[in-house]
Amino acid sequence: MERNNHGSHARVGDLVELLNPQGQPTGITGLVSQIVNRKPFGDFDDSGIHMRFLVVTGVQGRIKDSYVVVRSFR
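Cut-offs applied
- Residues numbered from 1 in each chain as written.
- Predicted model: local features only at pLDDT ≥ 70, side-chain atom pairs only at ≥ 80, totals over all residues.
- Heavy atoms only, no water.
- Pairing = 2+ DSSP bridges.
- Helix = DSSP H or I, 4+ residues; strand = E, 2+ residues; numbered from the N terminus.
- Salt bridge = Lys/Arg side-chain N within 4 Å of Asp/Glu carboxyl O.
- Buried < 20%, exposed > 50% of the residue type's maximum accessible area, 1.4 Å probe, protein only.
- pLDDT = per-residue confidence, 0-100.
- Axes fitted to C-alpha atoms, helices over the stretch in contact; angles between N-to-C directions.

Visitor: Explain the pairing of strand E2 (residues 25-38) to me, please; I cannot follow it from the model alone.
Guide: If a strand is regular, its side chains alternate between the two faces of the sheet. As judged from the four bridges shared by strand E1 (residues 15-19) and E2, these two strands associate in the antiparallel manner. Following the sheet pairing, Val16 is matched in E2 by Gly30. Adjacent in sequence and paired antiparallel, E1 and E2 are bridged by five residues, among which Gly23 carries a positive phi angle near 85°.

If you want it as structure tokens, here you go:
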């Protein structure tokens, strides 16, 4: 079974490509080195939406998972 390549399915070690806000590939690639889950500010219980960010090698800062596509799975 093939894995979904949307950034929300990325795991540490996957090769990903960054997308621009219109969803088009940018040509910038890197390996996922860390996954950071955040709750919106002021959300004190365990329910609700969590935001997922990826730390990608060669890219400064955290990237929202919806702005990447997995190009190669580890």
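That shown, we press on.
Visitor: When you look at the pattern of salt bridges in this model, what are you seeing that I'm missing?
Guide: It is possible for side chains of opposite charge to pair when their charged atoms get near one another. The tally for this structure, following the rule as stated, stands at two salt bridges. For Glu17, the salt bridge identified is with Arg71, shortest N-O distance 2.7 Å. Of this pair, Glu17 sits in strand E1 while Arg71 sits in strand E5 (residues 68-72), placing them 54 residues apart in sequence. Residue Glu17 is classed as buried on the basis of its relative accessible area, which comes to 10%. Lys64 is the partner of Asp65 in a salt bridge, and the nearest nitrogen-oxygen pair spans 3.3 Å. By relative accessible area, which is 7% here, Asp65 ends up buried. Judged by its relative accessible area of 28%, Lys64 falls in the partly exposed class.

Visitor: It is not clear to me how the confidence of the model for the protein should be interpreted in this structure. Could you clarify?
Guide: Residues shown with low pLDDT carry predicted positions that ought not to be read at fine detail. Counting all residues, the mean pLDDT for the protein is 89, and 84% of those residues have values of 70 or more. Within the protein, strand E3 (residues 51-56) has the poorest average pLDDT of any element, 94, and E1 the best, 97.

Visitor: Just to check I follow, could you spell out the sheet that holds E3 for this structure?
Guide: Backbone-to-backbone hydrogen bonds pair the strands of a sheet. The strands run either parallel or antiparallel. Taken together, five strands build an open sheet; the order of strands is E4-E3-E2-E1-E5 and the sheet is antiparallel. Two strands close off the open sheet at either side, each with one partner strand: strand E4 (62-64) and E5. Shown here is a sheet whose adjacent strand axes are inclined to one another by a mean of 50°, direction ignored. As paired strands, E3 and E4 are joined by three bridges and run antiparallel to one another. Across the sheet, Leu54 pairs through a bridge with Ile63, a residue of E4.

Visitor: Explanation requested: the environment of Leu15 in the structure shown.
Guide: With respect to the helices, strands and loops of the structure, Leu15 is situated in strand E1. Relative accessible area serves as the criterion here: at 30%, Leu15 is assigned to the partly exposed category. For the pair Leu15 and Leu31, spaced 16 residues apart in the sequence, the C-alpha separation amounts to 4.5 Å.

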